[in-house]
Amino acid sequence: MKYHITTYGCQMNLHESEKIAGILNACGYDEECGEEEADIIVFNTCCIRENAENHAFGNIGALKKLKKRKPSLLIAMGGCMAQEAGKAEYIKRKFPFVDIVFGTHNLCELQALIEKKRATKKTVVSLKEEREMVEDGITPVRKSYPNAWVNITYGCNNFCTYCIVPYVRGREKSRAPEEILKEVEELVQAGYKEITLLGQNVNSYSGNGMRFPELLDKVASIGGNFRVAFMTSHPKDFSEELVAVMKKHSKICRRLHLPAQSGSDRILSLMNRRYTREKYLNEIALLRREIPDCEVTTDLIVGFPTETEEEFGETLTLVREAGFSSAFTFVYSPRAGTKAAEMEGQIPEDVSKLRIMRLVECVNRQTREKSARCVGQTLEILVEDYDGKKGFYLGRDSYGRMGYFKSDRDRVGEFVTLKITKANGVSLFGEEQ
Ligand code: SAH
Ligand code: SF4
Ligand code: F3S
């Protein structure tokens, strides 16, 4: 039987879809295909911003016809939106042809839910308040070779006032270090070349008393030709020890994703981020003192309630001062149940739109400048994919720079050294050395 999975949201969800594929395989759905041919379609949803939700609802609505034509088709919906308060009821009401709704804490039940659904006509809904076991015991079908994602924590305790993640992913739980190290060792032996440690806030990892820097040190000490990346780091928990471990191991990528969110202290405080602009910049200064060429990327939000023009300007100046090589930029989206959604002074959409345009322009200018400086330099990339349309192989180097080159044989999974001849936005084109 055939399956199709549609994934929205972050790396956490991409990896969870690999686990969903593992479960579907165990249920007899062993061939991936397009929606039209599928016997089961799973939506793995996100609710971080309103447009992520609208997108998913639009795509689910479109399946009504398909289900009519093919009544044996199963449609399941999981992920963060399914876990959101009141959403399962809404889905049952609005999209009665959805067969299964499952939350973020009970992925390992999916097989049982599929079996249950086969025996009933009703929508099967299963949601749990919290994840009961840290280990889910699911073997993922990995689709991201040569990279492999490895969860180190689940959930989040930070309650940034704009963010819904703590409500839909539950309290932070760390996996035991032995489990993580065993998984990484197996992946390296199986030929994976990049291991990305995943958590909403990897810096607050605490597995059987072991903190993140020590865990990272142990992961990077595993023998073999591979790189280690991690995300996401929260600036409030960033430490000298982490920088020291990064410096010690050349295997650890020379890039740090450190979401700043805003450049204004008043907005950071309203966001409950628990650091100031000065602390943030000091962390970057420390990082650059120890590892001068380390690249820093970030997440930025514009239009948080009460943000003034001047405070937005502080986010613009932060881009320069921090020297971000790139940034994910977002318009603030009120999420029901979060503190910020209740705040006075919500910013009108047209104001936020203008701000995001200016921010994107500012970030892009800086990215282009950095890219242009790479022309003439050499880059060691890990080849990730082949772009059939453009006819180029592509991959990233340890700093996160994207390199493209031509080759007449399959190179995915190889480390390749490129001499950069041309820069186009974030894309660097080169010749193999
Ligand atoms: N755990 C990570 C990020 C998770 S969400 C961290 O703390 O860094 C990814 C990004 O989405 C956040 O960094 C933030 O910039 C953005 N985001 C979260 N909630 C949002 C909202 N309500 N509106 C707009 N952007 C939001
Ligand atoms: Fe959301 Fe903040 Fe947790 Fe990140 S740290 S997931 S932004 S609450
Ligand atoms: Fe990720 Fe979206 Fe959930 S960003 S944690 S999939 S709300």
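Parameters at a glance
- Residues numbered from 1 in each chain as written.
- Chains lettered and ligands numbered in written order.
- Predicted model: local features only at pLDDT ≥ 70, side-chain atom pairs only at ≥ 80, totals over all residues.
- Heavy atoms only, no water.
- Near = heavy atom within 4 Å.
- Nonpolar A, V, L, I, M, F, W, Y, C, P; charged D, E, K, R; others polar.
- Helix = DSSP H or I, 4+ residues; strand = E, 2+ residues; numbered from the N terminus.
- Buried < 20%, exposed > 50% of the residue type's maximum accessible area, 1.4 Å probe, protein only.
- Polar contact = N/O pair within 3.5 Å; in protein donor to acceptor, adjacent residues only side chain to side chain.
- Contact = heavy atoms within 4.5 Å.
- Areas by Shrake-Rupley, 256 points an atom, 1.4 Å probe, with all protein chains shown as cover.
- Axes fitted to C-alpha atoms, helices over the stretch in contact; angles between N-to-C directions.
- Parallel < 35°, antiparallel > 145°, perpendicular 65-115°, else oblique.
- Left-handed = near helix turned anticlockwise from the far one by under 90°.
- Pairing = 2+ DSSP bridges.

Glancing now at the site of ligand 2. The local shell around ligand 2 consists of Cys 156, Asn 158, Phe 159, Cys 160, Tyr 162, Cys 163, Val 165, Pro 166, Gln 200, His 234 and Arg 273. Split into classes, the residues belonging to the shell around ligand 2 amount to seven nonpolar, three polar and one charged.

Turning our eyes to something else, we now look at the side chain of Glu 194. Examined against the element boundaries, Glu 194 turns out to sit in strand S10 (residues 194-198). Given the relative accessible area of 1%, Glu 194 is considered buried. Separated by 3.3 Å, the side chains of Glu 194 and Arg 255 make a polar contact. Each residue touching Glu 194, except ones within four places of it in the same chain, is listed here: Pro 146, Asn 147, Ala 148, Arg 227, Cys 253, Arg 255, Leu 382 and Arg 396.

This paragraph deals with the site of ligand 1. If you check the shell around ligand 1, you find 15 residues, and the closest are Tyr 162, Gln 200, Gln 261, Asp 299 and Ser 333. With respect to ligand 1, the backbone of Gln 200 contributes an N or O atom lying 2.8 Å from a nitrogen atom. With the chains in place, 90% of the 540 Å² that ligand 1 exposes on its own is no longer accessible. Here the shell around ligand 1 is composed, by residue class, of seven nonpolar, four polar and four charged.

A separate point is the environment of Tyr 280. Tracing the backbone shows Tyr 280 in helix H12 (residues 277-290). When its relative accessible area of 1% is taken as the criterion, Tyr 280 is described as buried. Taking the C-alpha atoms as reference points, Tyr 280 and Ser 174, 106 residues apart in sequence, are found 25 Å from one another.

As a further point, take the packing of helix H8 (residues 177-189) against helix H9 (residues 212-220). Packing of H8 against H9 brings their axes to within 10 Å, and their N-to-C directions diverge by 25 degrees. The angle between the axes of H8 and H9 places the two elements in the roughly parallel class. As H8 runs across H9, the sense of the crossing is right-handed. Residues Pro 177, Ile 180, Leu 181 and Val 184 of H8 form the contact with H9, whose participating residues are Leu 215, Lys 218 and Val 219. Looking at the contact of H8 with H9, its residues break down into six nonpolar, no polar and one charged.

With that settled, the discussion passes to unusual backbone geometry. Here the residue pair Tyr 145 and Pro 146 is connected by a cis peptide bond, since its omega of 10 degrees sits within 30 degrees of zero. If you trace the backbone, Pro 146 turns up in the loop between strand S6 (124-126) and strand S7 (147-151). Residue Thr 232 is bonded to the preceding Met 231 through a cis peptide linkage, with omega at 5 degrees. Among the secondary structure elements, Thr 232 is positioned in the loop between strand S13 (227-231) and helix H10 (240-248). The phi dihedral of Phe 159 falls on the positive side, at around 50 degrees, and the residue is not glycine. With respect to the helices, strands and loops of the structure, Phe 159 is situated in the loop between strand S8 (153-154) and helix H7 (165-169).

Spatial strand order, S17-S18-S19-S21-S20: five strands in a closed barrel with mixed pairing. If you compare each strand with its neighbour and ignore which way they point, the axes differ by 55 degrees on average. Bridging between strand S17 (residues 378-387) and strand S20 (residues 415-424) involves five bridges; their strand directions are antiparallel. Within S20, the residue paired with Thr 378 across the bridge is Lys 419.

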